[in-house]
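# Chain and residue survey
One letter stands for each residue in the lines below.
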Amino acid sequence: MKLSCPKCKSKIEIQKTFNKKMHVSCTKCGIEDLLEFSKNTDEVFLEFLSRFDQGLISEDILSDNLKDEGIVRGENEVKEMIGSKKPDKTIEEILFSKKDYISQYKVLKNPEPKMGSKIEDTGLDEPIIQQLKELKIDRLYEFQEESIQEIIFGENIVIEAPTASGKTEAFLIPLIQKIKKDAENDNVYAIFVYPTKALSRDQYPKIQKFAEKSGISVGIFDGDTKLTDRREIIKAPPQILITNFDVIHYHLWHQTKFSSLLASTKIIVVDEAHVYSGIFGSNVHYIIKRLKRICTNRLQFIAASATLEDAKEFCQCLFGEEMKMIRGSGKKGQTDFVMMFPSLRTQRALMVELTKKLTKKSHKTMVFNNSHINSELLAIQAKKQNVNIKVHRAGLMANYRNFVERQFKEDSIQAISCTPTLELGIDVGNVDCVISSTIPVNRLVQRIGRAARKGQRGYAFLTLGNDPISQYYKNHPDDYFEDIEKIYIDPKNPFVEEFQVLAMACDKPISKHELKEHQEVIEHHIIKENFLVVNNRIIPNLEKINSMLGEYSIRGIGKSVDIFLNGKKVGDRVLPIALEELHKDAIYFLAGNRYKVKEFDYPKQNYAKLEKIPKDYPYYTKSLTEEWPTIETIFESRKANGVELAFCKLHIQKKVYGYVNMELGQEITQGEKILLENPLEYDFVTKGIVFCAPKPLKIIQQAEDEEYAEASGYHATEHVVIEGSNMITGGVSQDLGGISLGTSGMIFVYDGAIGGSGASKALYDRFEKALERSMFIIKECPCQNESGCPRCTFSYRCGNNNEFLHKNSALEVLERIHNGEKTKLLDPSEGDRPLV
């Protein structure tokens, strides 16, 4: 049936709303109606024609309906939100478009940063003062002056300031002065550590230009440094060495010539310190400890970080030292910020339209996605609408990422679809607009810092999604600005400790009197013959442990799967996530294209071979998984309201047994199931929380299938506790897995990283608040489905295809916990079906 407007004969659009109604509208004359949901669009259209003939379609009535249903804001509400602000035409069009719910509109203004003294009055040496004057710097910011004084005095400090605020100058200027005064030639004095090679290379010219004017040598040593340059650095060490923790780790335990250069170091600068969260941060904690062992001087530590709730405490844990905190403010400027909820379409459709609208007006745009699949899907859909866009994410080869950065900087492309890889300070040139999916507010501020760095007016859009936390922020936008990310490391991760103590013995033999805090691990290695005791010193049994250390990655424990296309390696993926994304016949996304996995070798050789698929192939895949938890050790337990809650060591057995084909454009839904001929299995030890949920007795009594209603209620509770608590725990839900065990009421939430990352501990510490928010998410979701919907109980990570979910059963469970009902932990029994 041709769907044409009864008024002007133009095309009619029919869209399902977030609360399962049908919105019918004409793209030209603007008449529209809101009808009850039906899978048959012809029926919806016929009802629309009938209502038009009866004169029941009125713009005023519909506007009130859309407003009452929470689908769009009323015009007066939007005007009230704007108030005395003066949005330009682009923002006005978006605010009044009636395509999405405008949760909030703000103009973010950075005040003029506080100024410090004139440079003549800072106590800096005359040559440095002259150099700053040549750069037209007559006065420092207050936080820069404070940083300079503390660094010169020898204090360990954390500089917390937004992107592009002058953090680099705050630590570089005093270091130049210190090196000039007491450095010896041919010795490394300071190490500057960056989290990525790309950021090191981006910062190197800026540091070199400033340092060399004072006669200070600077060198960069990383995986991309040419052999001739490496030899030159070893022959004539620079006074400032730029590198990363991967390089330091490798060279320390191999006792290379490069590692011997590090012994003279006096100062370590760690930029973007907030990146060292989870497993990576736990490893960095030990690498810093290893540097302290081999350096002949007492080390001074300087950390630079984006805005965090607990930057000082985090850095003290990371470095194992007392730190002083110095806060700075950002650049002067103004950014129009809009928080939008896509009530008539998907989050991705909204992000694509914003990208198209902004790039059409020649605004350079960065689109941040929270996963590599989403960054690929967005680019595919934007390209179909003629947006000049490319993908930038981890897992793509470095030369391709550099090519994308260069193209954006040179205005050859108008937009980048990226993951958090570009949150860091890499200079990609002028950026006018930032569009972001849901992330903690401090990371959004970091992303927004990208927009209008050159002083022009910037645009920033937070596009809420089809998920529980977005549903919550739609109704409580002010809470978003309170939920500052908590970053975490777990130095007690037993696997990290085991490997890093091995590395310590390789760096330098362990004497009997040292490392008492790791005595248990040292004894374990001696029993396993990984260590040998010679002349009262503990040395490594290199023949036995070389391969173990060689396979170890400080950025994530576990082996990875290499990905090949036409015989050439094009990327890799760490286990166990590789099993879910690279099984036979999986659709894998790579640099804006989709490929099919034609061959997957696991667990012997760990590789996947890809083949091309037609551009119009309509599907992508999502794996189906089963998991079984075993509690090995309870570290601590407490009462949360009346529920017994434990933080423990868990053994997880994971199986990928099939997959579903999902249509492009669908996000969190149910697809057609296909079972794998040979299921893939993997097991690992991690940390997590466990609690026993109270029985939803009212729902059980009303249900035809009591067992289904109960088990599905616990499964839905597990989903919403992980997804809905995301921002309270600092955006860690992507690092968490979950299992509910049948009708036992036992719910497990665990760290996805082998050995544990600290993510579940963040949830353990804030559990009551997480439960309360989860309850409001379900209560306030207007959907009428028994199983719920993507905005309350569904999860895009669900291993059971979002089946076995019961919204009202979960609500009763959460209300009972909220009201203080008491429960005790049980032992998992084999009859309980695990739902993940």
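Below: a short report on this structure. Everything quoted here is computed from the prediction, not taken from an experiment.

Criteria and thresholds
- Residues numbered from 1 in each chain as written.
- Predicted model: local features only at pLDDT ≥ 70, side-chain atom pairs only at ≥ 80, totals over all residues.
- Heavy atoms only, no water.
- Helix = DSSP H or I, 4+ residues; strand = E, 2+ residues; numbered from the N terminus.
- Rg over C-alpha atoms; globule rule 2.2 N^0.38 Å.
- Buried < 20%, exposed > 50% of the residue type's maximum accessible area, 1.4 Å probe, protein only.
- Areas by Shrake-Rupley, 256 points an atom, 1.4 Å probe, with all protein chains shown as cover.
- Lys, Arg positive; Asp, Glu negative; His and termini not counted.
- Charge placed at Lys NZ, Arg CZ, Asp CG, Glu CD.
- Expected span 1.5 Å × (residues − 1).
- Contact = heavy atoms within 4.5 Å.
- Pairing = 2+ DSSP bridges.
- Core = buried A, V, L, I, M, F, W, Y, C linked by side-chain atoms within 4.5 Å.
- Axes fitted to C-alpha atoms, helices over the stretch in contact; angles between N-to-C directions.
- Parallel < 35°, antiparallel > 145°, perpendicular 65-115°, else oblique.
- Left-handed = near helix turned anticlockwise from the far one by under 90°.
- Nonpolar A, V, L, I, M, F, W, Y, C, P; charged D, E, K, R; others polar.

Our next topic: the overall build of the protein chain. In terms of regular secondary structure, the protein chain is built from 28 helices and 33 strands. A compact globule built from 836 residues would reach a C-alpha radius of gyration of about 28 Å, and the protein chain, at 28 Å, matches this within 12%. Projected onto its principal axes, the C-alpha coordinates of the protein chain cover approximately 90 × 65 × 55 Å. A burial count over the protein chain gives 57% of its 836 residues as buried. Carbon together with sulfur atoms contributes 46% to the accessible area of the protein chain, which is approximately 35000 Å² in total. Side chains of the protein chain carry 114 positive and 118 negative charges; the gap between the two charge centres is 5 Å.

It is worth spelling out helix 8 (residues 197-212) at this point. Look at helix 8: 22 Å from first C-alpha to last across 16 residues, which is about the 22 Å you get at 1.5 Å a residue. Buried within helix 8 are the following residues: Leu 199, Ser 200, Gln 203, Tyr 204, Ile 207, Phe 210 and Ala 211. Turning to helix 8, the residues buried within the fold contact helix 5 (126-134), helix 7 (167-182), strand 8 (190-193), strand 9 (218-220) and strand 10 (240-243).

This paragraph deals with the pairing of strand 23 (residues 560-565). Here strand 23 shows one buried face, formed by Val 561, Ile 563 and Leu 565, and one open face, formed by Ser 560, Asp 562 and Phe 564. Summarising the sheet, strand 23 and strand 24 (residues 568-574) pair through six bridges and their orientation is antiparallel. Paired with Ile 563 across the bridge in strand 24 is Gly 571. In this antiparallel pair of consecutive strands, strand 23 and strand 24, the connection spans two residues, and Asn 566 shows a positive phi of 50°. Bridge analysis of strand 23 against strand 27 (residues 607-612) gives four bridges, and the strand direction is parallel. Across the sheet, residue Ile 563 finds its bridge partner in strand 27, namely Ala 608.

Of all hydrophobic cores here, the largest spans 65 residues; its most connected members are Phe 461, Leu 582, Phe 600 and Leu 610. Discounting residues that sit within four places of it in the chain, Phe 461 has contacts with Ile 91, Ile 94, Val 338, Met 340, Leu 354, Leu 358, Cys 433, Val 434, Ile 435 and Ser 436. Counting 58 residues, the second-largest nonpolar core is a separate cluster that includes Val 247, Phe 314, Met 504 and Leu 515.

Now for the sheet that holds strand 22 (residues 537-540). Strand order across the open sheet formed by three strands is 20-22-21, with antiparallel pairing between neighbours. Sheet topology places strand 20 (510-511) and strand 21 (531-534) at the edges, where each strand pairs with a single neighbour. Two strands pair when backbone bridges link them, and strand 20 and strand 22 are joined in this way by two bridges, in the antiparallel orientation. Bridged to Ser 511 within strand 22 is Arg 537. Along the sheet, helix 21 (residues 519-527) contacts strand 20, strand 21 and strand 22; its crossing angle with strand 21, the most-contacted strand, is approximately 95°.

This part takes up the packing of helix 20 (residues 494-507) against helix 22 (residues 542-550). The N-to-C vectors of helix 20 and helix 22 enclose an angle of 125°; their axes lie 11 Å apart at closest approach. When the axis of helix 20 is compared with that of helix 22, the two are oblique. Viewed along their axes, helix 20 and helix 22 form a crossing whose handedness is left-handed. Seen from helix 20, the contacting residues are Phe 499, Leu 502, Ala 503 and Cys 506; seen from helix 22, they are Leu 542, Ile 545, Met 548 and Leu 549. Partitioned by chemical class, the residues of the contact of helix 20 with helix 22 number eight nonpolar, no polar and no charged.

The next subject is the sheet that holds strand 8. The strand order across the open sheet formed by seven strands is 9-10-8-11-12-7-13, and the pairing between neighbours is parallel. Since the sheet does not close on itself, it has two edges, and those belong to strand 9 and strand 13 (324-327), each with one partner. Recorded for the sheet is a direction-independent mean angle of 15° between the axes of neighbouring strands. As paired elements, strand 11 (residues 267-270) and strand 12 (residues 300-305) share four bridges and run parallel to each other. Following the sheet pairing, Val 270 is matched in strand 12 by Ala 303. Packed on one face of the sheet, helix 8 meets strand 8, strand 9 and strand 10 and runs near 170° to strand 9.

Quick look at unusual backbone geometry now. A cis amide bond links Tyr 602 with the next residue in sequence, Pro 603, at an omega value of 10°. Position of Pro 603 among the secondary structure elements: in the loop between strand 26 (593-601) and strand 27. Not every positive phi belongs to a glycine, and Lys 98 is a case in point at roughly 60°. One can find Lys 98 in the loop between helix 4 (89-95) and strand 4 (101-110).

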